[in-house]
Amino acid sequence: MTLAHESVATPDGVVPPRFRPPAGSGDAPVVSLDGEWRFRLFPRADTGVDRADPGTDWDRLAVPGHWQLAGAPHTWPYGTPAYTNVVFPFPVDPPHVPDENPTGEYRTTVRLPADWPADGRTVLRFEGVDSWFQVALDGELLATSHGSRLPTEVDLTGHLRPGADHVLAVRVTQWSALSYVEDQDQWWLSGIFRGVSLEHRPDGGLDDVRVHAAYDHTSGTGTLRVDAAAVVGAEGVVDARVTVPELGLEGRSGEELTALVEPWSAERPRLYDVVVATDTETVTLAAGFRTVAIEDGVFLVNGRPVKLRGVNRHEFDPLRGRAVTPERMLEDVLLMKRHHVNAVRTSHYPPHPRFLDLCDRYGLYVVDENDLETHGFEVDGWVANPTDDPAWTDVLVDRVTRMVRRDAHHPSVIMWSLGNEAGTGQNVARMAQAVRELDPTRPIHYEGDWSSEHVDVYSRMYAPTEEVELIGQGIEPPFERADADGRRRGLPFVQCEYAHAMGNGPGGLSEYDALFDRYPRLMGGFVWEWIDHGLTRTDDAGREFAAYGGDFGEALHDGTFIADGLLLPDRTPSPGLVELAAVYAPVRVDARDDGSLLVRNRYAFRDTGHVELRWTLHRGADELAAGALDLVLEPGTEAVVRPPADLMLPDPGPEPVWWTVRAVQDKADALDEGWVEPGLVLGAGQLLLVDRAPLAAPSGRVTATDEGGFRAGPALLGARGELLELAGRTVHAFRVDAWRAPTDNDRRPGRGQGQSDEQTWYRAGLTLLGERVSGVETLPDGALQVASRVSGPAVRTGFDVRTRWQPSGAGDDAVDLVVDVRPEGPAPENVARLGLLLALDVPEAAGTGVRWAGLGPEESYADSTRAALGGAWQHTVTDWQTPYTHPQENGARRGVTSAVLTFADGSGLRIDAGDTTVGASTRQGIELSLRPWSDQALDRAAHPHELVPDGRLWLHLDAAQHGVGSAACGPGVLPDARLRATPFRLRLRFTAV
Ligand code: GAL
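Worth saying up front: this structure is predicted, and the values here are computed from it rather than measured.

Asks: Got a minute to help me understand the overall build of the protein chain in this structure?
Replies: Across its full length, the protein chain carries 11 helices and 62 strands. The globule rule puts the C-alpha radius of gyration for 993 residues at 30 Å, and the 31 Å found for the protein chain is close to it. If you line up the protein chain on its principal axes, its C-alpha atoms span 105 × 65 × 60 Å. Evaluated residue by residue, the protein chain yields a buried proportion of 62% over its 993 residues. Considering only residue pairs separated by 6 or more positions, the protein chain has 74% of its internal contacts joining residues 24 or more positions apart.

This is the structure:
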């Protein structure tokens, strides 16, 4: 028995899909039906509720919205969200779904406004309903539809009487046959989650308007053609007047009109008003003239190669799920623009149409993706996959067609994507063919088609840099079929997903970006993904936190994999986004080995006339001199710059001196308006001009204490050389450390890696390191030397440690420490860190102030350090932490040459770092981390709010830390950023202040 919602049929009783002019662009009346509707949830789809029942005494539910989030963040009156990535949360039994199938009955009253025109037609429009629904008016079933992220229109003409109230009933099931093709990696959330409206369609009006606006870069000519048609009721071509007042263009629909224009691009999103009018309707459309092409395997916009510096965006709001508000959409666009993202893939479905309006207006290249993913079939080797089943052809073609019809108007859309992770099969060809017929002007993308037979670009996800480099050169390993290989090799290459931004990371962005710049075939890529989908909920104590898979008690779930974005759920940029902004910088400023900076204009269309290259010479945060460089670069050009020859450099002092150049945009013309904030930094780089003054050799002498221990300035040590007190504070831990609270990336083996870094460290005993002292002696120069071995259980792997304490001078306030460490025994593949762990008694550790000279202000790791700049920065210990949705290692600051801690009682501790040696390399300063809790507590916590300060300040004074990589889904840490077990030396001075 196949129930209605299990039918694999295209929508029934609906208006044919059309290019509908954006809401608000025309003069035909539209009324919104958004607001409070009546609602009841039933456990099964065969609810038996009378469709004519107005539900007057039912609950109220906000439309648009998801019923599972109706009471968020406190209550869950209609079931809870559930998260799975790949697997279906029900048996794979297509097209059937479980009998237990939450079904929402929605009711509202529809009444035409008094001034509603008497002629023409009236259309009911749904922008998005998840997943399958039926529409009835006054008890009469009118339409059945699906395609959760696509519009559905129902012609109500003849059903609505002026002045009468009508009962609109919408039945929505959570599960349907269509759930099998909507298996995107996201929360399962249901309901009418986008707006609903009633629209008047005048007779002879513009139901269907499509603007074709192309640009010929050789002549500067824009070509405009507007096609107009009637679609609602009767179908046919409509003759309309077309004018572009700004260009003085006038003509008719169907005609080609030409003029010299300014083209549209993401850099210069120039739009023109195109007025299309019949006697009964006028619409004004924002049109952008631009042409997308692929020539000689290179992706071009308006004749120039363009690199897509993109992100994958799901629609997400921590309280509203995919029912995103216009404010959220704008926030996303502005955040992208301000972080130099120029492209967005709408993973994995067409976004709310308003988002595309914003992309047109502010300038973002869009890969618009079909609402199709069947990933759950992969588990069983893709058996019964709808993508290869003729029974599904019409449904799949229907949805891709509806996307193209809805969105073809947008200049921002530069490529169509047939879907995501839906395997291969005959329906790929059918969809591609349908898209080409509707729109031959845009390339087609589908990553699942590795043969690239049906698409216009070769697309992959998470290909490692080595492979991308081969692809860039066109020398990648051949595809098994020679014919397909030949064609594929001639296509441009895009990474539709790369650099998995889960938790702390991604590392290795710079390497990809450098390849994209180097090879014309590489058209860039889209980082996975924009935002952590952490839903706000409260715990038993009423505290809010961001929930991930399993937090709603789901029996089957994929845990933290839903939290893999560049933004935290509340849209706070993570350090990963700050790093991405520095890597994606349109004006790159990079240090070269010869003591100069290379400034590159990476715009395709824009010179740097709007950019001021401001430099400062600064010691820490103190500016010593400042100026601007007189340089305007044409698109795609570069120049080498150096500090002015007459720059007076100071002598070495307590902090290094940097020459920092920032490309600042402080001029915003009309096309930049609305997103450029004063002082927007488009790119920055720097040179270290004066090293910090070396620490003078210590000259004091360690003294014996009455208790049989030792005093070395502010350090009190026990008889076995154990550190008991520092600067008057009890020491709870002090030893060599090589472990960290694993990041999400550490927890998974990267592609091609046998075991995860977390396992590597566990097997080497690094999680449970302990110390055995083997000797304590005072040296003739007055120092105390402690010899020890640090190692974990069950293994021979360990570290031989020599620690030398010596008062810095005659006073009691400062002590020097030199630590020499040599790994012993079998070397693990890598270690998390090489350094010292120090835990001090600090009752109000979280409020401790810290000012440091080094890289900042955000955290940085060996492979995510492009955004960090040398200088002096300050924070509290609380602000130092990055509250990743899933707690893990965070907060390291690199190149720290000094740090001053100021405790709540006004006392303080200064830490100076001399040169650090790691293996054969010597570097300035240390990597510093501070926490008000231990790494073990950090590791144990499932959510940030579970972390409670323990009255101690936990410091890591590291020679080096392992990179972060992207192993959660992509490659692990690249060789240059991997930390091997290697000898290291730290030189530190602690001063009580
Ligand atoms: C990709 C997929 C995304 C997401 C990602 C992992 O394979 O296309 O939707 O699941 O992996 O976070």
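Asks: Is there a simple way to think about the side chain of Thr 608 in this case?
Replies: For Thr 608, the location among the structural elements is in the loop between strand S37 (597–601) and strand S38 (611–619). Leave out the neighbours within four places in its chain, and Thr 608 touches Val 587, Asn 601, Leu 631, Val 632 and Leu 633.

Asks: Honestly, the sheet that holds S37 in this entry has me stumped. Any pointers?
Replies: Working definition: the strands of a sheet are paired by backbone hydrogen bonds and lie parallel or antiparallel to each other. Strand order in the open sheet formed by 3 strands is S36-S37-S40, and the pairing between neighbours is antiparallel. Here the strands that pair on one side only, and so sit at the sheet edges, are strand S36 (587–591) and strand S40 (638–641). Ignoring strand direction, the axes of neighbouring strands in this sheet form an average angle of 20 degrees. In the sheet, S37 pairs with S40 via 4 bridges, with the strands oriented antiparallel. Its bridge partner lying in S40, Leu 597 is registered against Val 641.

Asks: How should I be thinking about the packing of aromatic side chains in this particular structure?
Replies: Two aromatic rings, taken as a pair, are described by how far apart their centres are and by the angle between their planes. Evaluated as defined, the whole model comprises 24 aromatic pairs. Ring geometry for Phe 39 against Tyr 78: centres 4.9 Å apart, planes inclined by 75 degrees, an arrangement best described as edge-to-face. One end of the pair, Phe 39, is in strand S2 (residues 35–42); the other, Tyr 78, is in the loop between strand S3 (59–63) and strand S4 (82–84), and 39 residues separate them in sequence. Residues Phe 39 and Tyr 78 agree in their burial class; the two are buried. A ring pair is formed by Phe 90 and Tyr 180, whose centres lie 5.2 Å apart and whose planes are at 80 degrees; its orientation type is edge-to-face.

Asks: Explain the nonpolar core to me, please; I cannot follow it from the model alone.
Replies: A general trend in soluble globular proteins is that nonpolar side chains are found buried together. In terms of nonpolar packing, the biggest core is built from 119 residues, with Leu 418, Val 527, Trp 530, Leu 580 and Trp 659 touching the most fellow members. Three or more residues apiece are contributed to this core by two domains, here domain 1 (294–581) and domain 2 (589–690). When sequence neighbours within four positions are dropped, the list of residues in contact with Leu 418 reads Asn 370, Leu 372, Val 400, Val 428, Met 431, Ala 432, Val 435, Ile 444, His 445 and Tyr 446. Core analysis: the next-biggest nonpolar cluster, separate from the first, contains 61 residues, Leu 840, Ala 899, Ala 960 and Phe 990 among them.

Asks: Looking at this structure, I do not really get the environment of Gly 653. What am I missing?
Replies: With respect to the helices, strands and loops of the structure, Gly 653 is situated in the loop between S40 and strand S41 (657–665). You can call Gly 653 buried: its relative accessible area is 10%. Note: C-alpha distance between Gly 653 and Gly 553 (100 residues apart in sequence) is 58 Å. The contacts of Gly 653, once residues within four sequence positions are left out, are Arg 619, Arg 692 and Ala 693.

Asks: It is not clear to me how the sheet that holds strand S47 (residues 729–737) should be interpreted in this structure. Could you clarify?
Replies: Within the open sheet, the 9 strands sit side by side as S43-S44-S45-S46-S47-S52-S61-S60-S55. Their pairing is antiparallel. The sheet terminates laterally at strand S43 (703–704) and strand S55 (893–896), the two strands that pair on one side only. Relative to strand S61 (residues 952–961), strand S60 (residues 926–931) runs antiparallel, the two being bridged by 5 bridges. Of the residues in S61, the one forming a bridge with Glu 927 is Asp 958.

Asks: So what exactly am I meant to see when it comes to the pattern of salt bridges here?
Replies: Between side chains of opposite charge, a pair can form when the charged atoms approach closely. Applying the stated criterion across every chain, the model contains 82 salt bridges. With its nearest N and O atoms 3.0 Å apart, the salt bridge here joins Arg 481 to Glu 453. In this pair, Arg 481 sits in the loop between helix H5 (465–473) and helix H6 (482–489) while Glu 453 sits in the loop between strand S30 (444–445) and strand S31 (458–461), placing the two residues 28 residues apart along the sequence. A residue is classified by how much of its surface remains accessible, and Glu 453, at 36% relative accessible area, is partly exposed. A salt bridge links Asp 517 to Arg 602, with the shortest nitrogen-to-oxygen separation between them at 2.7 Å. Of this pair, Asp 517 sits in helix H7 (residues 509–518) while Arg 602 is found in the loop between S37 and S38, placing the two residues 85 residues apart along the sequence. You can call Asp 517 partly exposed: its relative accessible area is 26%.

Asks: I'm lost on the site of the ligand in this one. Help?
Replies: With respect to spatial proximity, 13 residues lie near the ligand, and among them Asp 185, His 348, Glu 421, Glu 497 and His 500 are the closest. A distance of 3.0 Å separates an oxygen atom of the ligand from a polar atom in the side chain of Trp 528.

Asks: Explain the side chain of Glu 447 to me, please; I cannot follow it from the model alone.
Replies: With respect to the helices, strands and loops of the structure, Glu 447 is situated in the loop between S30 and S31. For Glu 447, which is buried and forms no salt bridge, the nearest opposite charge comes from Arg 460, at a distance of 5.1 Å. Polar contacts involving the side chain of Glu 447 include one to the side chain of Trp 450, which spans 3.4 Å. Other than its neighbours up to four places away in sequence, Glu 447 contacts Ser 459, Arg 460, Met 461 and Cys 496.

Asks: What's the story with the packing of H7 against helix H8 (residues 575–584) in this structure? I'm lost.
Replies: In helix packing, the relevant descriptors are the interaxial angle and the interaxial distance, both defined with respect to the helix axes. At a closest axis distance of 10 Å, the pairing of H7 and H8 adopts a crossing angle of 25 degrees. It follows from the interaxial angle that H7 and H8 lie roughly parallel. The two elements H7 and H8 cross, and the hand of that crossing is right-handed. Two secondary-structure elements touch here, H7 through Leu 509, Ser 510 and Asp 513 and H8 through Gly 576, Glu 579, Leu 580, Val 583 and Tyr 584. Grouping the amino acids of the contact of H7 with H8 by side-chain chemistry returns 4 nonpolar, 2 polar and 2 charged.

Asks: Honestly, the environment of Glu 946 in this entry has me stumped. Any pointers?
Replies: Within the secondary structure, Glu 946 is located in the loop between helix H11 (935–940) and S61. When its relative accessible area of 35% is taken as the criterion, Glu 946 is described as partly exposed. With 59 residues separating them in the primary sequence, Glu 946 and Pro 887 have C-alpha atoms 9.3 Å apart. Polar contacts involving the side chain of Glu 946 include one to the main-chain amide nitrogen of Ala 942, which spans 2.8 Å.

Definitions and cut-offs
Residues numbered from 1 in each chain as written. Predicted model: local features only at pLDDT ≥ 70, side-chain atom pairs only at ≥ 80, totals over all residues. Heavy atoms only, no water. Helix = DSSP H or I, 4+ residues; strand = E, 2+ residues; numbered from the N terminus. Rg over C-alpha atoms; globule rule 2.2 N^0.38 Å. Buried < 20%, exposed > 50% of the residue type's maximum accessible area, 1.4 Å probe, protein only. Contact = heavy atoms within 4.5 Å. Pairing = 2+ DSSP bridges. Axes fitted to C-alpha atoms, helices over the stretch in contact; angles between N-to-C directions. Phe/Tyr/Trp six-rings, centres within 6.5 Å; stacked < 30°, edge-to-face > 60°. Core = buried A, V, L, I, M, F, W, Y, C linked by side-chain atoms within 4.5 Å. Domains from an automatic or database assignment. Salt bridge = Lys/Arg side-chain N within 4 Å of Asp/Glu carboxyl O. Near = heavy atom within 4 Å. Polar contact = N/O pair within 3.5 Å; in protein donor to acceptor, adjacent residues only side chain to side chain. Lys, Arg positive; Asp, Glu negative; His and termini not counted. Parallel < 35°, antiparallel > 145°, perpendicular 65-115°, else oblique. Left-handed = near helix turned anticlockwise from the far one by under 90°. Nonpolar A, V, L, I, M, F, W, Y, C, P; charged D, E, K, R; others polar.

The analysis is restricted to geometry; functional conclusions fall outside its scope.
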